[in-house]
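A closer look at the structure
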Amino acid sequence: MSKKSMKQGQAPGTVMFTGEQKMESSILSLISYTPEVFNETTDLELERLSTFASDKTSWLNLDGVHDTSLIEHLGRHFNLHPLTLEDIASTQQRPKIEFFDDYVYVVLRMLHLSDKGTLQNEQISIILGKHFVLTLQEIPGDLFEPVRKRLRTNKGRIRKLGADYLFYALIDAIVDAYFIVLESYGERIEALEDQILHYDKQVIEQLSSLKRETLLLRKTIWPLRELLSSLHREESPLMSNEVLTFFRDVQDHSIQVIDTIEIFRELLSSIHDVHLSNMSYRMNEVMKVLTIISTIFIPLSFLVGVYGMNFKVMPELEWQYGYFGVWGIILFVAISMVFYFRRKKWF
Amino acid sequence: MSKKSMKQGQAPGTVMFTGEQKMESSILSLISYTPEVFNETTDLELERLSTFASDKTSWLNLDGVHDTSLIEHLGRHFNLHPLTLEDIASTQQRPKIEFFDDYVYVVLRMLHLSDKGTLQNEQISIILGKHFVLTLQEIPGDLFEPVRKRLRTNKGRIRKLGADYLFYALIDAIVDAYFIVLESYGERIEALEDQILHYDKQVIEQLSSLKRETLLLRKTIWPLRELLSSLHREESPLMSNEVLTFFRDVQDHSIQVIDTIEIFRELLSSIHDVHLSNMSYRMNEVMKVLTIISTIFIPLSFLVGVYGMNFKVMPELEWQYGYFGVWGIILFVAISMVFYFRRKKWF
Amino acid sequence: MSKKSMKQGQAPGTVMFTGEQKMESSILSLISYTPEVFNETTDLELERLSTFASDKTSWLNLDGVHDTSLIEHLGRHFNLHPLTLEDIASTQQRPKIEFFDDYVYVVLRMLHLSDKGTLQNEQISIILGKHFVLTLQEIPGDLFEPVRKRLRTNKGRIRKLGADYLFYALIDAIVDAYFIVLESYGERIEALEDQILHYDKQVIEQLSSLKRETLLLRKTIWPLRELLSSLHREESPLMSNEVLTFFRDVQDHSIQVIDTIEIFRELLSSIHDVHLSNMSYRMNEVMKVLTIISTIFIPLSFLVGVYGMNFKVMPELEWQYGYFGVWGIILFVAISMVFYFRRKKWF
Amino acid sequence: MSKKSMKQGQAPGTVMFTGEQKMESSILSLISYTPEVFNETTDLELERLSTFASDKTSWLNLDGVHDTSLIEHLGRHFNLHPLTLEDIASTQQRPKIEFFDDYVYVVLRMLHLSDKGTLQNEQISIILGKHFVLTLQEIPGDLFEPVRKRLRTNKGRIRKLGADYLFYALIDAIVDAYFIVLESYGERIEALEDQILHYDKQVIEQLSSLKRETLLLRKTIWPLRELLSSLHREESPLMSNEVLTFFRDVQDHSIQVIDTIEIFRELLSSIHDVHLSNMSYRMNEVMKVLTIISTIFIPLSFLVGVYGMNFKVMPELEWQYGYFGVWGIILFVAISMVFYFRRKKWF
Amino acid sequence: MSKKSMKQGQAPGTVMFTGEQKMESSILSLISYTPEVFNETTDLELERLSTFASDKTSWLNLDGVHDTSLIEHLGRHFNLHPLTLEDIASTQQRPKIEFFDDYVYVVLRMLHLSDKGTLQNEQISIILGKHFVLTLQEIPGDLFEPVRKRLRTNKGRIRKLGADYLFYALIDAIVDAYFIVLESYGERIEALEDQILHYDKQVIEQLSSLKRETLLLRKTIWPLRELLSSLHREESPLMSNEVLTFFRDVQDHSIQVIDTIEIFRELLSSIHDVHLSNMSYRMNEVMKVLTIISTIFIPLSFLVGVYGMNFKVMPELEWQYGYFGVWGIILFVAISMVFYFRRKKWF
């Protein structure tokens, strides 16, 4: 968040990159299609960017949002509001949707697991215009490969419907990916559950880090619910009723994701309870061993101490069977104690 | 949930079975009736499925939703939306209701206890059309036998009212079954309550597993409330006012089910408190025994240790009644201690 | 709840008694009045039940709802909906209100303390018609004696206003009785507070049972709030504005009852905290005694043990004042320890 | 609350005093004013109470609400609803506002600290009519002296504006007094915070009593928020827009009061956590002392016990430097132990 | 809060300074500008304050609100409501917005870190009029320097848009500063997390103070959300649609700030759990050491005590290898114990 503070004092609407730069130079790529035609240009030069024809649906993708002059150029080209440009370059945005006169602006967070299993969290801005969709990502590599494949192969209805359906398909791909992430968390939580049986200091640390991560996950995903429901409420002219029906499906998924996160959080808190209870149980066990041993042997030690005294006159010491009598008392006391603890169900 | 991830990258509306296949081949069965006539065909062949006559009410039931081509066939036949077909085949749906122009689609979860007492959780899709009801289940065997019996015997108003009443009767049967499941949970909770008096490590594990199960139960049943209230709100033309009155009854039941689950959760958390408090109490008891024994005998052991020393000059050792004097001191100390602990109400 | 499960598979609207039968045969009684006239018939025979004249207000009371044929007879007579009849006979209803075209149906729970102080929980159904009120109880004996007395003695406005005022008066009597019950809980909670000062295992059990009972109390009373507010919202033609003003008063009372229950619950949770803290405190005290005694005497025991060894060559043993020197050391160590613990404020 | 139960069975609208009688006879006093004229009559006789002239604003105050016949007399005089009269005499009311055709009825609780610092909690009813304000208190002595002074001295706008401004001024005085009470609680909480550093059993009791008192305070003040917002919502013709602007100010204050109470409650719960953690810490410290002492001396006691045995054949006892060797071992063990605990950072 | 109580009994609308006076004399400064012209006057004398020309946008700033006569003078000059003047001088206000006919009044709290890192909390009142903005602060030095710089240098759109944009720019600067404060809290929380690994009494105190501070922070910032959303709802004529779009951005930021505070609070509570769990773990470790040592050596001490008794007849003492046999038993017992604890995984 440290870049955030640098921004303080800047005029609102100043396009300023506030994240960590993750790639060298930005890459533009363009896909445009009709039900019949499909064109794909990777590594598009900025100069060749012309106004999109209204008879084609265009999808312009930018990898790398650190080049603020490029973003401002795009902003002028597509007539975007300065605050939208500011939001695109600020990579700590909360997911949100904003409706402008001739475009809809959505910020989402794209979550995916790296090959090593760590969670990648990238901001993506999606802009839906009249005949185009604009996507702006922090780094190359995204979750949209299946969408591109469907476009190329003309599979399903994707090339028949317009830009709003593409917009939907991209958001759907992002939300679907949350399930993969949740599955991996589910597995980690299950692994932790097995582990709490082993008395281990690391349990509480893992528990605590899982709690934190689900907390951040929730923060990331929670705004989705409102974002999607405002899509229905606001009734943008850019969005056909047919596509809105599909969005209801994404909404269902996002509720399911949020539900699952809530359940994870409750599971973690229940694991915490079990862990504490186990520690308490162990402590009880340790104390019982100490108490049983002490309670049996401390009085006996006292007893044999008595006959270790050196008084001149100690009649018992002279008795023929004194020593054996003491052993008798010792055994009697020890056995009584054992019975007593048995009855109290201490062992 | 692992099948869910396989679905990632698929086009929305792709009918793909995401559950665990629980039976070999799907079975269709058809019931059609008027107040006077009743026909029942089990193991219907797909080819013989003709458009339902509007003068009869038809109930088509499918056991097994893993055959996606069959589901797509039904979809074309009844003119269902692709997303509905997708939801039917995805067996991890959250309960929900969706209103389409010429049908209402409901997903519910059918809970019943197996003969061995484990909880069976099956997804059921119910579609209400103009003159028909379509039910799609994961496995054969359902909670609808009493409804079928009422249909066959023409008992009550069920054959007099149309498809919407049948729709209601099926949902009612599912919600009624929740009470049976709740009763069994109620009994398990009561059993657990008796058990916490016995100091037992398993208590916390059972408690934890019951908490988890009620959590999942709540997740399953919670959406019902909204689902049913949206039935009243949306005012589908497929649903007569007369039947809506009956739905108010189901709504009452579902609120009662949710209330009961909430109470179960609070009971479990109160059992947890009692359990922790009991463990604390036990620990206190154990510590008191240890402390009483140690406090009485450790000073006495010290005392007899003193007279076990081998100094040349120890006047007390020569005294005639030294030994008995020591016993006197021992008894005095021990008895004082006992009185002290009594006064402190330690035992 | 076990009867509930028997009901599974029954047609909706089937009148079936699901409670525990608490009396042998049902008893009907009828009160009818105008401002001038008052008639009271106890033990009315069903055959003599004629349609109520519109110039009189009639109050028909039934004790015992297990006779389903009787209830069905009444249902036909007063033209009640089958679901209403089903609810009357199902004695596990949640409090609710339902508005029908020509009557209002209310289910409440009547709480009163038996002579032995245990809580009696009885379901009562109240039906307000055009010129009549119908009350259906599980057992004879109710909270309405003061209302009957006011009717007989023509005290206040009760005979001047119509059936809706009677309806109000009955509900008011039921809600007023909740205060009596709450008072008794208040006393039990106060008694428990005194008790936690005494270290006692029963505290946690009483605490736990009080928590459970207030939980059930809340479940019983909570729906009242919505029930009463829907009276204002729905604007039934059966209810005059004048009487609705009185209902606002009942609503205030019910909010006060719910507030009090919430406060009871918070008090109980605060008592729980104090109890746990007390147990912790006691444990600390016990541990301190053990530690003080052990810390003083264990080193001293070691010391006297040293001079109890039987080595041939132990110069100190030969010293004239060796023994007294050891006592000097013992006293010095013991006194230092005591000072040390004093400074640490351990006692 | 015990008087409440006496009321059970009374007809609604029965004026019956349910509190504890706190003074002997009720006292009426009357203030009437125009911008120019000011009259004040204390100890007014009931007979001399005439209908208030519409050219003057009148403020009638009654100290003592136990005289039900007097209240009924006032009720007839000002044409008050029977339920209003009942509420005036029932001194356990929840704060509320009720709008009648020709008056507004407000019940509030007047909190002030007695000279000894205990919290006084008195019910006050305020009735705003066309040209008059009626206040009814349980005991003489109130928070309105500054208002009377402003009236007498004609300071500010109070005599220029009508009865609704007086109504506002009285409520404002009551809400302002809450801040004084909150300050005293704030000081007690701060004092408690200092105290938890000293290990003390009373802490938990004070904590618990403060929790309870803030709970009751919240119950008393919470309804204010809704009460004041309904003032804006209901738009009574008795209240001018100008005065409503002032009420917005009271509303701000009441939100601030509620906020402060919530913060107090969170502070108390945080103090509780610190207290528990401190007790845990102390316990740890005590246990560490015990463990260090025991771990060092118990093995050494064993060692010297070995050479205190009386076996005929014990070669070490004959050795010239055996005794000194044992001392060497003792010192070595003791010093090693001390180093070990140091390294574990136990002291 | 102690000044608050002094205010009790004052007429509403009395301008009375209730804070701590932080500077000697108040300082007025004026900035007025058009897109072309820029004038700045510091240390303006009150007499020279003339009505602002409508062709310029004026920003009047007052440092120091303790001079109530000055505030009343300004109030008359700008025609402010007495309650607004009262709020300006009361420096314990909750953030709020109030809409008057010809101005909008906002109270905010300006948070910034002093050079030493302590949190400065200052109240600021901002008034938006037709052509002017009025800011009133407690002390000189504010967060508006960047705004002044943008005005002086005519950078961006600030001099082109009117007073409402200035109003926005000031609020934006205040909200932006919250991020700086949050960052510093984030760092303190991270530092605390590292610290809990070291067993330390201060942890709980720092934890508790951080909890309290985030609580107060939340109280300060929470009302912002509603304040900003009421800006959109109320539709003041003083605010153009263009500027409202910018306010949506501030609203996003404030939600992000509140989210972050909530996450801080959850993190702190999770740190608390880890801390408690660590203390429990340590206690377990300490107890285990004690128990292992005691359990091994107490029985052995008893054993050697037996052979330290002085009975005349103790056959074992005469045996040739008795002493070595005892050592054998000792070693056997000790080693068995060690194995036993190993198997129980105690060390």
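Right above here is the structure, for reference.
Predicted model only: the values in this text are computed from it and were never measured.

1. Re the interface of chain D and chain E
Counting residues at the interface gives 63 residues for chain D and 66 residues for chain E. Summed over both sides, the interface between chain D and chain E buries roughly 5,800 Å², with carbon and sulfur atoms accounting for 63% of that surface. Ranking the residues of chain D by area buried against chain E places Tyr281, Phe302 and Phe311 of chain D at the top, with a combined share of 12%. Where chain D meets chain E, there are eight salt bridges. We note a salt bridge from Glu266 of chain D to Arg218 of chain E, for which the minimum N-O separation is 3.0 Å. Counting every contact that joins chain D to chain E gives 14 residue pairs in polar contact (both at pLDDT 80 or more). In terms of residues, the side of chain D that touches chain E owes the most to one element, helix H7 (residues 241-306) of chain D, which gives 34 residues. Across the side of chain D that touches chain E, the residue classes tally to 29 nonpolar, 15 polar and 19 charged.

2. As for the relation of the copies chain A and chain E
Superposing the two chain copies requires a rotation about an axis and a translation along that axis. Take chain A, turn it by 72 degrees, move it 0.1 Å along the axis, and it overlays chain E with an RMSD of 0.2 Å. Both copies of the chain, as the preceding transformation shows, are related through a five-fold rotation axis. Closest to the rotation axis within chain A is the C-alpha of Gly308 of chain A, separated from it by 4.8 Å. Mapped onto chain E, only 17% of the interface residues of chain A are again interface residues, and the two copies thus contact each other with different surfaces.

3. What to know about the interface of chain A and chain E
In this complex, chain A contributes 65 residues to the contact, which on the side of chain E involves 63 residues. Counting across the chain A and chain E interface gives eight salt bridges. Taken together, chain A and chain E are joined by 13 residue pairs in polar contact (both at pLDDT 80 or more). For the side of chain A that touches chain E, the per-class residue count stands at 31 nonpolar, 17 polar and 17 charged.

4. Some remarks on the packing of helix H7 (residues 241-306) of chain E against helix H9 (residues 322-343) of chain E
Residues and elements named next belong to chain E. With their axes 10 Å apart at the nearest point, H7 and H9 run at an angle of 160 degrees to one another. Taken together, the axis directions place H7 and H9 in an arrangement best described as roughly antiparallel. As for the relative orientation of H7 and H9, their crossing is right-handed in sense. Residue-level inspection shows Ile292, Thr295, Ile296, Pro299, Leu300, Leu303 and Val304 of H7 in contact with H9, the latter providing Val326, Ile329, Ile330, Val333, Ala334, Met337, Val338 and Phe341. The residue makeup of the contact of H7 with H9, split by class, is 14 nonpolar, one polar and no charged.

Cut-off values and rules
- Residues numbered from 1 in each chain as written.
- Chains lettered and ligands numbered in written order.
- Predicted model: local features only at pLDDT ≥ 70, side-chain atom pairs only at ≥ 80, totals over all residues.
- Heavy atoms only, no water.
- Contact = heavy atoms within 4.5 Å.
- Buried area = accessible area lost by both parts, 1.4 Å probe.
- Salt bridge = Lys/Arg side-chain N within 4 Å of Asp/Glu carboxyl O.
- Polar contact = N/O pair within 3.5 Å; in protein donor to acceptor, adjacent residues only side chain to side chain.
- Helix = DSSP H or I, 4+ residues; strand = E, 2+ residues; numbered from the N terminus.
- Nonpolar A, V, L, I, M, F, W, Y, C, P; charged D, E, K, R; others polar.
- Least-squares fit on C-alpha atoms with pLDDT ≥ 70 in both.
- Axes fitted to C-alpha atoms, helices over the stretch in contact; angles between N-to-C directions.
- Parallel < 35°, antiparallel > 145°, perpendicular 65-115°, else oblique.
- Left-handed = near helix turned anticlockwise from the far one by under 90°.

Shape descriptors only; they carry no functional weight alone.
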